[in-house]
Amino acid sequence: MSSDEDIPLGALAGGSGTNHVASNGIRNGNTSDSPMSEDELPLSQIRGTQTPARSLRRKRIAGEASDSSDDDIPLASSPAKPAAAPTPKASKATSNKSKQANGRVKVESDNESSVANSKRKRTSNGKAKAPPKKKVKREEDIAAAESSTNSPKPSSSKKRKEKDEAEEDEEKYRWWEAQQENDGEEKWQTLEHSGVIFPPPYEPLPPQVKMQYKGKEVNLPPESEEVAGFYAAMLETDHAKDKTFNKNFFEDWCKVLKQYPPRNNIKIMDFESCDFRPMFEYFEVEKAKKKALPAAEKKELKKQKDAFEEKYTYCTLDGRKEKVGNFRVEPPGLFRGRGDHPKKGALKFRVRPEDITLNIGEDASVPVPNMPGTWKAVVHDKTVTWLANWVENVNGNYKYVFLAAGSSLKGQSDMSKFEKARELKKHVERIRSDYNANLKSKIMADRQRATAMYFIDRLALRAGNEKGEDEADTVGCCSLRCEHVTLEAPNFIVFDFLGKDSIRYYNRVTVDAQVFKNIRLFKENKEDSDNLFDRVNTTLLNKHLQSYMKGLTAKVFRTYNASITFQEQLDQNTPKNASLQEKVNAYNQANRMVAILCNHQRSVPKTHEQSMGRMRDRLRAFKYDRMKMRHVLFNLDPKYQRMSQYQDDESDLDEEWIDEYEENLKKKEVEKAEKKFTKDNEKLVEEGSKPHDESLLKERIAAIEVEFKRIANERGTGKASLKRERPVEKIEEGIQKLDEKIRTFKLQMDDREAGKEVALGTSKINYLDPRITSAWCKMHDVPIEKLFSKTLVTKFPWAMEVEADWKF
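This is a predicted model, so every value here is computed, not measured.

**A few points about the sheet that holds strand β5 (residues 216-217)**
Pairing between the strands of a sheet is mediated by backbone hydrogen bonds and can be parallel or antiparallel.
Okay, so step 1: Here three strands make up an open sheet; going across it, the order is β5-β4-β6 and the pairing antiparallel. A strand with exactly one partner marks an edge of an open sheet, and here the two such strands are β5 and β6 (274-275).
Okay, so step 2: Note that strand β4 (residues 212-213) and β6 share two bridges and pair antiparallel. In the sheet register, Gln212 faces β6, and the bridge partner there is Asp275.

**Overview of unusual backbone geometry**
Okay, so step 1: Cis rather than trans, the peptide bond between Ala489 and Pro490 has omega equal to 5 degrees.
Okay, so step 2: By secondary structure assignment, the location of Pro490 is in the loop between β15 (485-488) and β16 (492-498).

**Comments concerning the pairing of strand β8 (residues 320-323)**
Okay, so step 1: One ladder, built from four bridges, connects strand β7 (residues 314-317) with β8; its direction is antiparallel. Residue pairing for β8: Leu317 is matched across the bridge by Arg320.
Okay, so step 2: Hairpin remark: β7 followed by β8, antiparallel, with two residues in the connecting loop; positive phi at Asp318, about 50 degrees.

**A short note on the sheet that holds strand β17 (residues 504-510)**
Okay, so step 1: The strand order across the open sheet built from three strands is β15-β16-β17, with neighbouring strands paired in antiparallel fashion. This sheet does not close on itself; its edge strands, each paired only once, are β15 and β17. Going from strand to strand, the sheet's axes swing by 15 degrees on average, the running direction of each strand aside.
Okay, so step 2: As defined by bridge partners, β15 adjoins β16 across four bridges and the pair is classed as antiparallel. Bridged to Leu487 within β16 is Ile493.
Okay, so step 3: The strands touched by helix α10 (residues 513-523) are β15 and β16; relative to β15, the strand with the most contacts, the crossing angle is about 125 degrees.

**Remarks on the packing of helix α8 (residues 428-438) against helix α9 (residues 444-459)**
Okay, so step 1: With their axes 8 Å apart at the nearest point, α8 and α9 run at an angle of 135 degrees to one another. When the interaxial angle is binned, α8 and α9 end up oblique. Between α8 and α9 lies a crossing whose hand is left-handed. Mapping the contact onto sequence places Ile431, Arg432, Tyr435, Asn436 and Asn438 in α8 and Asp446, Arg447, Arg449, Ala450, Met453, Tyr454, Asp457 and Arg458 in α9.
Okay, so step 2: Residue classes in the contact of α8 with α9 are distributed as five nonpolar, two polar and six charged.

**A few points about the layout of surface pockets**
Empty pockets left among the atoms are what a rolling probe the size of a water molecule brings to light.
Okay, so step 1: Counted as a void, the second largest pocket has a volume near 740 Å³.
Okay, so step 2: Around the second largest pocket, the lining comprises 22 residues; the ones closest to its centre are Glu707, Arg710, Ile711, Leu722 and Lys723.
Okay, so step 3: Among the secondary structure elements, those contributing two or more residues to the lining of the second largest pocket are α14 (608-636), α15 (655-686) and α16 (694-714).
Okay, so step 4: It is α16 that provides the largest number of residues to the lining of the second largest pocket, a total of eight residues.

**Some thoughts on the nonpolar core**
Taken as a class, soluble globular proteins show a tendency for nonpolar side chains to be buried jointly.
Okay, so step 1: In this structure, Leu424, Phe455, Ile493, Phe495, Phe533, Leu552 and Phe557 are the most contacted members of the largest nonpolar core, which totals 74 residues.
Okay, so step 2: Per-element tally for this core: the top contributor is helix α12 (residues 554-573), with eight residues.
Okay, so step 3: Discounting chain neighbours no more than four positions away, the residues touching Phe533 are Gln448, Thr451, Ala452, Phe455, Cys477, Cys478, Leu480, Ile519 and Phe522.
Okay, so step 4: Counting residues in each nonpolar core, the second largest holds 30 residues, with Ala228, Leu235, Cys274 and Leu347 among its members.

**Section: the pattern of salt bridges**
Okay, so step 1: Tallying each qualifying case throughout the model produces 45 salt bridges.
Okay, so step 2: For Glu286, the salt bridge is made with Lys289, and the minimal N-O distance between the two is 3.4 Å. Of this pair, Glu286 and Lys289 both sit in helix α5 (residues 277-291), three residues apart, which is roughly one turn of the helix.
Okay, so step 3: We classify Lys289 as exposed; its relative accessible area is 51%.
Okay, so step 4: Lys410 is paired through a salt bridge with Asp414; the nearest N and O atoms lie 2.8 Å apart. Of this pair, Lys410 and Asp414 both sit in helix α7 (residues 408-423), four residues apart, which is roughly one turn of that helix. For the pair formed by Lys410 and Asp414, the shared burial category is buried.
Okay, so step 5: Among the ionic contacts, a cluster of salt bridges with common partners joins Glu419, Arg422, Asp769 and Arg771.

**So, α8**
Okay, so step 1: Taken together, the buried positions of α8 are Val428, Ile431 and Tyr435. In an axial view of α8, the angular spread of the buried residues amounts to 60 degrees, which keeps them on one side of the axis. Looking at α8, the residues exposed on the side facing more than 90 degrees away from the buried face are Glu429 and Ala437.
Okay, so step 2: On its buried face, α8 is in contact with α9 and α12.

**Overview of helix α11 (residues 538-546)**
Okay, so step 1: Those residues of α11 that fall on the buried side of the exposure criterion are Thr538, Leu541, Asn542 and Leu545. Considered in projection along α11, the buried side chains sweep an arc of 95 degrees and stay on one side of the axis. In α11, the exposed positions angled more than 90 degrees off the buried face are occupied by Thr539 and Lys543.
Okay, so step 2: Packed against the buried residues of α11 are α9 and α12.
Okay, so step 3: Between a side-chain oxygen at the N-terminus of α11 and the backbone nitrogen of Thr539 the separation is 3.1 Å; the capping residue is Asn537.

**Some points on the environment of Lys410**
Okay, so step 1: Residue classification places Lys410 among the buried residues on the basis of a relative accessible area of 7%.
Okay, so step 2: The spacing of Lys410 and Thr385 is 25 residues in sequence and 8.4 Å in space, taken between C-alpha atoms.
Okay, so step 3: At 2.8 Å, the side chain of Lys410 forms a polar contact with the side chain of Asp414.

**Concerning the UniProt feature "coiled-coil region" (unreviewed entry) in the protein chain**
Okay, so step 1: In the UniProt entry, the feature "coiled-coil region" (unreviewed entry) is given for residues 658-687.
Okay, so step 2: Here residues 658-687 is 97% helix and 0% strand, with 43 Å between the C-alpha atoms at its ends.

**Observations concerning the packing of aromatic side chains**
Okay, so step 1: The final tally for this structure, using the stated rule, is 31 aromatic pairs.
Okay, so step 2: Ring geometry for Tyr435 versus Tyr454: centroids 6.5 Å apart, planes at 85 degrees, classification edge-to-face. One end of the pair, Tyr435, is in helix α8; the other, Tyr454, is in helix α9, with 19 residues separating them in the sequence.
Okay, so step 3: Judged by its relative accessible area of 3%, Tyr435 is buried.
Okay, so step 4: Look at Tyr454 and you get buried, because its relative accessible area is 2%.
Okay, so step 5: Residues Tyr624 and Tyr661 carry aromatic rings whose centres are separated by 4.9 Å and whose planes lie at 65 degrees to one another, so their mutual orientation is edge-to-face. Here Tyr624, found in helix α14, pairs with Tyr661, found in helix α15; they are 37 residues apart in sequence, far enough to count as distant. One exposure class covers both Tyr624 and Tyr661, and it is buried.
Okay, so step 6: Taken together, the ring pairs in this structure connect Tyr231, Phe245, Phe249, Phe250, Trp253, Phe271 and Phe276 into an aromatic cluster.
Okay, so step 7: One Lys or Arg, Lys321, reaches over the ring of Tyr314 and ends 4.5 Å from the middle of that ring.
Okay, so step 8: Over the aromatic face of Tyr767 sits the side chain of Arg558, whose NZ or CZ is 5.0 Å from the ring centroid.

**Considering the packing of α9 against α10**
Okay, so step 1: Relative to each other, α9 and α10 sit at 125 degrees, their axes nearing to 11 Å. One way to sum up the angle between α9 and α10 is to call them oblique. Helix-helix and strand crossings are classified by hand; for α9 and α10 the assignment is left-handed. Counting all contacts with α9, which are made through Met444, Arg447, Gln448, Thr451, Tyr454 and Phe455, the residues of α10 involved are Gln514, Val515, Asn518, Ile519, Leu521 and Phe522.
Okay, so step 2: Looking at the contact of α9 with α10 residue by residue, the classes come out as seven nonpolar, four polar and one charged.

What counts, and where the lines are drawn
- Position numbers for residues count from 1 along each chain, tracking the sequence in the order it is written.
- The predicted nature of this model means local features are confined to residues of pLDDT at least 70 and side-chain atom pairs, given and counted, to a pLDDT of 80 or more, with totals for whole chains, interfaces and linings taken over all residues.
- Working from all heavy atoms in the structure, the side-chain values ignore hydrogens and water.
- Paired strands are those between which DSSP finds at least two bridges.
- The helix and strand labels rest on DSSP assignments: H or I over at least four residues marks a helix, E over at least two residues marks a strand, and numbering proceeds from the N terminus.
- Fitting a line to C-alpha atoms yields each axis, with helices limited to the stretch in contact; the angle taken between N-to-C directions then spans 0 to 180 degrees.
- Contacts are assigned to residue pairs that have any heavy atoms within 4.5 Å of one another.
- With respect to orientation, any angle under 35 degrees is reported as roughly parallel, any angle over 145 as roughly antiparallel, any angle of 65 to 115 as roughly perpendicular, and every other angle as oblique.
- The crossing is said to be left-handed when, going from far helix to near helix, the turn is anticlockwise and less than a right angle, and right-handed when the turn is clockwise.
- When residues are sorted by character, Ala, Val, Leu, Ile, Met, Phe, Trp, Tyr, Cys and Pro go into the nonpolar class, Asp, Glu, Lys and Arg into the charged class, and all the rest, Gly among them, into the polar class.
- Definitions used for this entry: grid spacing 1 Å over protein atoms alone; cavity, a set of points where a 1.4 Å probe fits but cannot get out; pocket, an open set with protein on both sides within 12 Å along at least 5 of 7 lines; lining residue, one with an atom within 4 Å of a point.
- Grid points are joined across faces, edges and corners, and a volume is the space filled by probe spheres set on the points.
- What is meant by a nonpolar core is a set of buried Ala, Val, Leu, Ile, Met, Phe, Trp, Tyr and Cys residues, joined one to another through side-chain atoms within 4.5 Å.
- Exposure classes here rest on a 1.4 Å probe applied to the protein chains alone. A residue is buried below 20% of its type maximum, exposed above 50%, and partly exposed in between.
- What counts as a salt bridge is simple: a side-chain nitrogen of Lys or Arg found within 4 Å of a carboxyl oxygen of Asp or Glu.
- In this description, the arc belongs to the directions extending from the helix axis to the C-beta atoms.
- What qualifies as a polar contact is a pair of N or O atoms within 3.5 Å, subject to a donor-acceptor requirement within protein and to the restriction that residues adjacent in sequence count only when both atoms come from side chains.
- UniProt positions are given in the numbering used here, feature names are shortened, and annotations may be inferred rather than shown by experiment.
- In summary, the pairing rule links any two rings of Phe, Tyr or Trp, Trp by its six-membered ring, whose centres are within 6.5 Å, and it sorts them by plane angle into stacked for under 30 degrees, edge-to-face for over 60 and tilted for everything else.
- Both a distance and an angle decide whether a charge sits over a ring: NZ of Lys or CZ of Arg must be within 6 Å of the ring centre and within 35 degrees of the ring normal.

Below you can see the structure in the form of structure tokens.
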């Protein structure tokens, strides 16, 4: 997801207003991007995590999921409430009225790209390597081994664990080591799944909870009330302060009100006169109640939800059990959009079975939807990898259900994508030579195409496509208008436009003299609203690129430039004989360079300063511990005061901070004593013994008070003593450990501050060949969990097995 925490030691890339140089020599400026989710955080950074298997997911706030789809993984929001058994008819107001074209849908995406010719495991020189045979201990073998020894019999839980591990090893399909026989159009032979889960129907609010209009309660029917509730739930968010969001919501709600008017005949005509506060307060109370449920009850609810969803979680693909990705249908709600999207606030209709096309094997049984209705269509298209699709009504985009990120089909698609980008290395110099020569071509179309290629290659711009009038005004290279490009003599070009997801792209770059001359020529006798490249479009550009390499498109350049820049940055800037944190910082710095190159930046998180403040306090706590240890040494032997390594006096620890810190430490010790006392008594009662008297707790708290009074009296004397005596060597060793801890923590703070305006997750997921990270970690002895989340490790299992000397 991304980082936020304290004062950096020095300025690194990613700060506001700073320009950065990518490996190709072009400077790139700042923009913004969406924050990183916890799925994207390295495993080692997830709070409370001891091992990857125990990583905790941050609880998603209902309704916070983004609406716009990523390049690789289509979005599908989780239902606001747990899905239940087959449901009655849902609200008509949010039903999907949009019509889809009949027949099959041809899908064109990275997920449908052809699989690379060789799926076998390869060595660093690219030669095929025979897959190793995996030995699997079977239950019978384990049992035989146990009976032949005199060792104690394992417990049933241990047996179950061994059985699960053996079955997991058996079932894991190592597709990257196996010969693929279906490298052609067909992606699978047999496919069976349970369809999708629809969100539960709308439940009307209690009779006493009503919105108000001009101070009067409005009695809304369920269809209108549901839509009003979508807005009420977001009342305290930034969305509700946005004029475009409010305008679009009110327009769509008025359409619903026209069909389902208030029962008490109140005419709602003015948005400003609407008061949604009573509904908002009810939702907040319900949210608090849910949060306050006993742990056992929460566990039981989760167990019920998991049991219901279990059959949707997996499908059977060519006889193998594979995990499904986003099997939940998006609930109705209000479209958020990203950036300055013109449709934010628009009503998203409820999706029904009649809107959904299923893709399954010819011999598979058709699943029954968990709400009344019949599927729009059931197809058996082996050339695509989606399991279901539908059209959302706001932008008319297709939404897809795919297999999970770690599935064989998705893995093959990812590997194919990166192999294609890697193959571009063989052709890139010839392509660059050609487009540089064509910058002076007498044929205007060729000159424009060459100039566009220059920007796509050097600046990693997206190619861009034509958009309708009702869509967001986002552009790419081929769809740039004259107003988006400004010339500054002698050779500067300023780009200022809205890129993908309405993220602003602003960049002032130096360019070759001929490119500057070309842009000036292309702008002549044109209005600001005219296309800069009026003789080039994405289709023509990609058709030209196909002549160099099969399957080459402008999009491949973006993946290639991101990965090659990342590889070069790591090779050049990874420090030798460095600490683990210094290596991690070097890795994140290389990732930041790519994020800036690809315009994967974001606005500073709202919690950044608060988080940095906590880190500053934690750093001071380390310094406080070091100060006390130094003073203990000085008390034991004054000679230590003359030693240079002990002369640092932690100058940022003022009297006021120390007083507050020690007071907080005392409170924590008292709370700890109280909890222990309560727990001990509960245990004694359970055992049938007499609980401790309250006087024992009072004695313990009094001892804590005495101890902290002693610590307070030592303040300002330059000397201190320990509660328990320790050898001098141990104290010296403790100070050395604290020195290292302080140094490492400062580096973490430095890294956090440098990354506050850069989104590192997008590059890791979509543009950086994961084998670069895997090989670098092996070469520099960095645990992969420091850099990759559990999701990424699962997504790229094929990348985890490369050799340490592998290069992109």
